[in-house]
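Commentary on secondary and tertiary structure
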Amino acid sequence: MATPKPQKRSPEEIEDIILRKIFLVSLTDSAESSAPSDPRVVYLEMTAAEILSEGKEMRLSRDLMERVLIDRLSGGFVSSEPPFQYLTGCYRRAYEEGKKISSMKDKNVRSEMEFVVRQAKKLAVSYCRIHLGNPELFQNANANSKSGSSNSPLLPLVFAEVGGSMDGYGAGGSSGGTQCPPGFLEEFFRDSDFDSLDPILKGLYEDLRGSVLKVSALGNFQQPLRALLYLVSFPVGAKSLVNHPWWIPKGAYLNGRVIEMTSILGPFFHVSALPDHAIFKSQPDVGQQCFSEASIRRPADLLSSFTTIKTVMNNLYDGLSEVILSLLKNTDIRENVLEYLAEVINKNSSRAHIQVDPLSCASSGMFVSLSAVMLRLCEPFLDASLTKRDKIDPKYVFHSNRLDLTGLTALHASSEEVAEWLNNTNLGKTDGSRQYTDGENRLLQSQEATSSGSGASGSSNAKPASSGDKTKYPFICECFFMTARVLHLGLLKAFSDFKHLVQDIQRCEDTLSTLKDMQGHAPTPALEPDISRLEKEIELYSQEKLCYEAQILRDGALIQNALSFYRLVVVWLVGLVGGFKMPLPSACPMEFACMPEHFLEDAMELLIFASRIPKALDGVLLDDFMNFIIMFMASPNFIRNPYLRAKMVEVLNCWMPRRSGSSITATLFEGHQLSLEYLVRNLLKLYVDIEFTGSHTQFYDKFNIRHNIAELLEYLWQVPSHRNAWRQIAKEEEKGVYLTFLNFLINDSIYLLDESLNKILELKELEAEMSNTAEWEQRPAQERQERTRLFHSQENIIRIDMKLANEDVSMLAFTSEQITVPFLLPEMVERVASMLNYFLLQLVGPQRKSLTLKDPEKYEFRPKQLLKQIVYIYVHLAKGDTENIFPAAISKDGRSYNEQLFSAAADVLRRIGEDGRVIQEFIELGAKAKVAASEAMDTEATLGEIPDEFLDPIQYTLMKDPVILPSSRITVDRPVIQRHLLSDNTDPFNRSHLTADMLIPNDELKGRIEEFIRSQEMKQHGERLSKESIKATIQTTNSEMLID
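These numbers come from a predicted model, not from an experiment.

A few words on the overall build of the protein chain. Within the protein chain one finds 42 helices and seven strands. In the protein chain, which comprises 1044 residues, the share counted as buried stands at 49%. For the protein chain, restricting intrachain contacts to residue pairs at least 6 apart in sequence, the fraction spanning at least 24 positions comes to 76%. Counting every atom, the protein chain has about 48,900 Å² of accessible surface; 51% of that belongs to carbon and sulfur.

Under the defined criterion, the tally for this structure stands at 52 salt bridges. Where Arg-645 meets Asp-689, a salt bridge forms, and the shortest distance between an N and an O atom there is 3.9 Å. Note that Arg-645 is positioned in helix H27 (residues 642-655) and Asp-689 in helix H30 (residues 673-689), a separation of 44 residues in sequence. Classification of Asp-689 by relative accessible area gives partly exposed; the value is 24%. Among the ionic pairs, Lys-685 bridges to Asp-689, the shortest N-O distance being 3.3 Å. Placement of both Lys-685 and Asp-689 in helix H30 is noted, with a separation of four residues, approximately one turn of the helix. On the basis of relative accessible area, Lys-685 is assigned to the partly exposed category, the value being 32%. Through salt bridges with shared partners, a single network forms among Glu-769, Glu-775, Arg-779, Glu-783 and Arg-787.

Now for the side chain of Gln-794. Position of Gln-794 among the secondary structure elements: in helix H35 (residues 781-816). The exposure class of Gln-794 is buried, given its relative accessible area of 4%.

Here we take up helix H39 (residues 899-911). Listing the buried residues of H39 in full gives Leu-901, Phe-902, Ala-905, Ala-906, Val-908 and Leu-909. Projected down its long axis, H39 carries its buried residues within an arc of 160°, all on one side. Of the exposed residues in H39, those oriented more than 90 degrees away from the buried face are Gln-900 and Arg-911. Sitting at the head of H39, Asn-898 places a side-chain oxygen 2.9 Å from the backbone nitrogen of Gln-900. Note on H39: the residue one or two positions beyond its end, Gly-913, has a positive phi of about 80°.

In this structure, Phe-23, Leu-154, Phe-632 and Trp-655 are the most contacted members of the largest nonpolar core, which totals 301 residues. Element by element, the count of residues in this core is highest for helix H33 (residues 737-771), at 14 residues. Membership of the second largest hydrophobic core comes to eight residues, among which are Leu-512, Ile-531, Leu-534 and Ile-538.

Turning our eyes to something else, we now look at the packing of helix H3 (residues 65-74) against helix H5 (residues 107-133). Orientation of H3 relative to H5, taken along the N-to-C sense of each, is 40°, at an axis distance of 11 Å. Overall, the two elements H3 and H5 adopt an arrangement that is oblique. You can see that H3 and H5 cross each other, and the crossing is right-handed. For the pair H3 and H5, contact is made by Met-65, Glu-66, Leu-69, Ile-70 and Leu-73 and by Val-116, Gln-119, Ala-120, Leu-123 and Tyr-127, respectively. Taken together, the residues of the contact of H3 with H5 sort by class into eight nonpolar, one polar and one charged.

Of note, Arg-831 is situated in helix H36 (residues 826-844). For the pair formed by Arg-831 and Ile-890, sequence separation is 59 residues and the distance between their alpha carbons is 9.4 Å. Not counting chain neighbours up to four residues away, the residues in contact with Arg-831 comprise Asn-743, Ile-746, Asn-747, Ile-750 and Arg-979.

On to the packing of aromatic side chains. In total, this model carries 37 aromatic pairs according to the counting rule given. Geometrically, the ring pair formed by Tyr-874 and Phe-886 is tilted, given 6.3 Å between the ring centres and 45° between the ring planes. Linking Tyr-874 in helix H37 (residues 863-880) with Phe-886 in helix H38 (residues 886-892), this pair joins segments that are 12 residues apart in sequence. No difference in accessibility class separates Tyr-874 from Phe-886, as the two residues are buried. Here a set of aromatic residues connected by ring pairs shows up, and it is made of Tyr-396, Tyr-473, Phe-480, Phe-481, Phe-565, Tyr-566, Trp-572 and Phe-599.

The next thing to look at is the environment of Tyr-86. Following the sequence through the fold, Tyr-86 ends up in helix H4 (residues 83-101). Exposure remark for Tyr-86: the relative accessible area of 0% places this residue in the buried category. Note: C-alpha distance between Tyr-86 and Leu-73 (13 residues apart in sequence) is 8.6 Å. Once residues lying within four places of it in the same chain are set aside, the contact partners of Tyr-86 are Phe-23, Val-25, Leu-69, Arg-72, Leu-73, Glu-81 and Arg-93.

Attention now goes to the side chain of Gln-842. Relative to the elements of secondary structure, Gln-842 occurs in helix H36. Using a relative accessible area of 12% as the deciding quantity, one classes Gln-842 as buried. Separated by 3.3 Å, the side chains of Gln-842 and Gln-847 make a polar contact. Those residues within four positions of Gln-842 in sequence are excluded, and the remaining contacts are Leu-757, Gln-847, Arg-848 and Leu-851.

For the rest of this paragraph, the subject is unusual backbone geometry. Of note, the amide linkage connecting Gln-283 to Pro-284 takes the cis form, showing an omega dihedral of -5°. Tracing the sequence through the fold places Pro-284 in the loop between helix H12 (266-270) and helix H13 (286-291). Cis rather than trans, the peptide bond between Met-582 and Pro-583 has omega equal to -5°. Despite not being glycine, Glu-293 has its phi angle at roughly 50°, a positive value. In this structure, Glu-293 sits in the loop between H13 and helix H14 (299-328). In the Ramachandran plot, Lys-615 falls in the positive-phi region, its phi being about 70° despite a non-glycine side chain. With respect to the element layout, Lys-615 can be found in the loop between helix H25 (597-611) and helix H26 (623-632).

Pairing is antiparallel across the open sheet formed by three strands, whose spatial order is E6-E5-E7. Unpaired on one side and paired on the other, strand E6 (971-973) and strand E7 (1000-1001) mark the two borders of the sheet. Sheet strands touched by helix H41 (residues 974-981): strand E5 (962-964), E6 and E7. Its angle to E6, the strand with the most contacts, is close to 85°.

Another point: the packing of helix H31 (residues 698-717) against H33. Axis separation between H31 and H33 bottoms out at 12 Å; the angle between their running directions is 115°. Classified by the angle between their axes, H31 and H33 sit roughly perpendicular to one another. Seen from above, H31 lies across H33 with left-handed handedness. Contact with H31, carried on its side by Phe-699, Tyr-700, Lys-702, Phe-703, Arg-706 and Leu-713, involves Phe-741, Phe-744, Asp-748, Tyr-751 and Leu-752 of H33 and no other residues of that element.

Another aspect to go through is the state of the cysteines. All told, the structure shown has zero disulfides when counted by the stated rule. Free cysteine Cys-479: the closest other cysteine sulfur is in Cys-378, separated by 3.6 Å. Owing to a relative accessible area of 1%, Cys-479 belongs among the buried residues under this scheme.

Bringing a positive patch on the surface into the picture now. The grouping of Arg-848, Lys-849, Lys-864 and Arg-911 at the surface amounts to a positive patch. Here Lys-864 lies in helix H37. Classification of Lys-864 as exposed rests on a relative accessible area of 54%.

So, about the environment of Gln-900. In this fold, Gln-900 is placed in helix H39. For Gln-900, a relative accessible area of 57% corresponds to the exposed category. A C-alpha to C-alpha distance of 9.8 Å links Gln-900 and Lys-930, two positions 30 residues apart in sequence.

Below, the discussion takes up the confidence of the model for the protein chain. One rule of thumb: low pLDDT means the predicted coordinates there are not for detailed reading. Model confidence for the protein chain is summarised by a mean pLDDT of 84, while 88% of its residues fall at 70 or above. A low-confidence stretch, residues 165-176 (pLDDT under 50), is modelled with 20 contacts involving residues beyond four sequence positions or located in other chains. Counting interchain partners and residues more than four positions distant, the pLDDT-below-50 stretch residues 427-469 has 107 contacts.

What counts, and at which threshold
Residues numbered from 1 in each chain as written. Predicted model: local features only at pLDDT ≥ 70, side-chain atom pairs only at ≥ 80, totals over all residues. Heavy atoms only, no water. Helix = DSSP H or I, 4+ residues; strand = E, 2+ residues; numbered from the N terminus. Buried < 20%, exposed > 50% of the residue type's maximum accessible area, 1.4 Å probe, protein only. Contact = heavy atoms within 4.5 Å. Areas by Shrake-Rupley, 256 points an atom, 1.4 Å probe, with all protein chains shown as cover. Salt bridge = Lys/Arg side-chain N within 4 Å of Asp/Glu carboxyl O. Arc of directions from axis to C-beta. Polar contact = N/O pair within 3.5 Å; in protein donor to acceptor, adjacent residues only side chain to side chain. Core = buried A, V, L, I, M, F, W, Y, C linked by side-chain atoms within 4.5 Å. Axes fitted to C-alpha atoms, helices over the stretch in contact; angles between N-to-C directions. Parallel < 35°, antiparallel > 145°, perpendicular 65-115°, else oblique. Left-handed = near helix turned anticlockwise from the far one by under 90°. Nonpolar A, V, L, I, M, F, W, Y, C, P; charged D, E, K, R; others polar. Phe/Tyr/Trp six-rings, centres within 6.5 Å; stacked < 30°, edge-to-face > 60°. Pairing = 2+ DSSP bridges. Disulfide = S-S within 2.5 Å. Patch = residues over 30% accessible without salt bridge, like charges linked within 9 Å, V, L, I, M, F, W, Y side chains within 5 Å. Lys, Arg positive; Asp, Glu negative; His and termini not counted. Charge placed at Lys NZ, Arg CZ, Asp CG, Glu CD. pLDDT = per-residue confidence, 0-100.

Written as structure tokens, this is what we have:
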């Protein structure tokens, strides 16, 4: 029997069916129907009665849609879902119905039904907004049964929208997971007024902030971060974020830490693997989880941890960069973003201090993340040619109303000089500002947006006269200065913290070693708690060290991005003095002199740090850094701080091929034009300049700095082109900087060797004390601990001083082979001879046996090698002594000269197998010195008693070239005062300024001295003739008497 064909439904019936499915409502009581019904469907009895009373058909239609929805939400039905879930369910069902409608054949019906579905979706979204904005509006009978979470019900949908299976966070897909109806969020946030969405978005931002508060790098931060990025991609979301009261928190107690913990973005930036104060410590504990007992872990496990941390942190950096860039591209809110960044920087300026207060300053984790984000923002103008650097305006330092750059030490200018210069110039004019309005939006796409200075509280170095006008600076300019400040407070501070952490570990390990030695010699229960405490400290410090290594040292991209930025810094700074060319201008331009010193110091610190990390410099363009260092390291008129110039030498020291292990750095020294012309000259000049740094520790600092210079000079001497340059400088400057360099080199050699030899004697005394076991164990534990510490301290001092002394003597040895003239100048030759005699006395004299050590190599004490070098210097100078003045200078030294030392030294040299020719030349020099000593005694006898006016008042020796000091009017011998001026440019009698060209020859006195010498010689000659005559007479008389 044929089935009757179903009657075709009318559009009204279809609409009724679709709307009932979407809204899960019915206008007829399901109890009267025999068909099975969905338990979620609600019978709207009152609505049905009203429709019936109005004489309308009992069907749902687009006209009744909103009325039905309100009744459904307001009815308080026991079995119904909470309002938000119901409304999102309506949207989802509308979406499903829409897919079914697309297969309808009747175009007209299909079009009508599509419109109905769109209206239903729009209505569901609209009432979602109303409900979220006014949660009390639609009460639900089951409200008290829902979860106690105070988070916005919208948050799971946002997570579902941005989540994915790649990180396992909120990926959805299972029946139990929350799924977002396709298109719901887009419609929710896209088409609405700001006022209705703003409170909803503010709640979402607060929820997201809370979800990452105190979350570490190993926690779930990626899903909230993607949610944040999703929300700010909507203009309304971006606007709501920057207008949130917590965008930049306000309050009387606002500081860097408060911004980090309470601002919306702060907790996202706080996510890190780096250690933080216990109060703010994030979970899971990265150090404990990844690096506990690292010393016994497999290298593969550690490498896996390093890779994980580096990967997740770069995910964080990328996500935060996208958030900030998305906000910056919106011209309406760009100012708010720049103000937030400036506030974070300004409120954390004290992070630059050596000791940082963790309660008032943001964490290192925040600032390292911010460093990485700022570097990403800079990438478009860090191209190889640095073509955009002309947009960086040095006037920003003085006239920025956003960044507080007051109180920063300048490269050369004092605060008074800066103020005077600003008063005398017209930098405050706004016509100096550059505005890039054409193509601004296009520039923004490549992160080069123009932004104007705000009237914020940050004050500049000095306010211009027309400070009422806001100077506009390009985004590149703002970004450049902000990045420089963030890196100073962030990445570079983290490097410093890491360095101090390594030092702390070393100190703890040294102390632990000392305690264990003591415990081994004489077990003491009182030491056990200290040993246990130190072992725990070392374990904790080691975990923190590995966290730094994982997040920073092993992130090659982060370090290389920072190097690219600082390359821009040095190229831009050089542009302020006219570019890469030598010599420098005679006067330092104030624009350069006023730039913050830390810009350059940070660049040098980064280069030093990167040079010690394998492959960190691969692919980095170093030529600009090299040029900059050569230009400025010996230019105190451009860079006032001698320690900063010394840091440049430390960079070069790291780049020496034997240290860097890279052929790239070798070309910087051996094939670099500026290097070949100026490197040796400027190193010698800095060696001299560093004698007086102005610091209370200058005496000790100079040895460390000169150690780096000495190592470089030794390397450069082996490069023929640099050696030739060195010889030429010695010839040109034999009375200038080279002579001063030589004087300080000799001073240092004498001090260091003398100091280390004296310390060896002290060390042997301590060693004797400790070796007497019976007496040693009777001493109190505290005294033994103190004496043991002193012993190790003396060991370190000897090792360092002896190493430096070896370097200095070595430099004297290899340079004297080819450069002898400066050594033999009248003002220098006696100083050199005295030094050599003193060293010879120490090494082969009577007290040499008291310097015997069990393990001399441990202390860098190599007496045989030292003796050989001393003898080489003697021999080299003897060869270059064309006027035969060196033997007399040797014998003139009354303190250390002894003719027997030469034969003793020759015996030692023979025993250690030294070249016989060298020994022979040395013995011959000793013989000449002996002859000179005899001649000097004869001369002294000839001159007899010398009038006081002919004696030098400093040395009490007969003057040969008397000169008058212009200030004190005292007459001294020229060589004596010139030797004094090599170390000190003052009159020794009244400390007034004095230079060699100010000396006044005393020709009258010189003539009298010469006359005195002639007369004494004539007198001596006459006496000799008289004696000979008397002797002859006596002999004749005796002969005659014999004949008689």
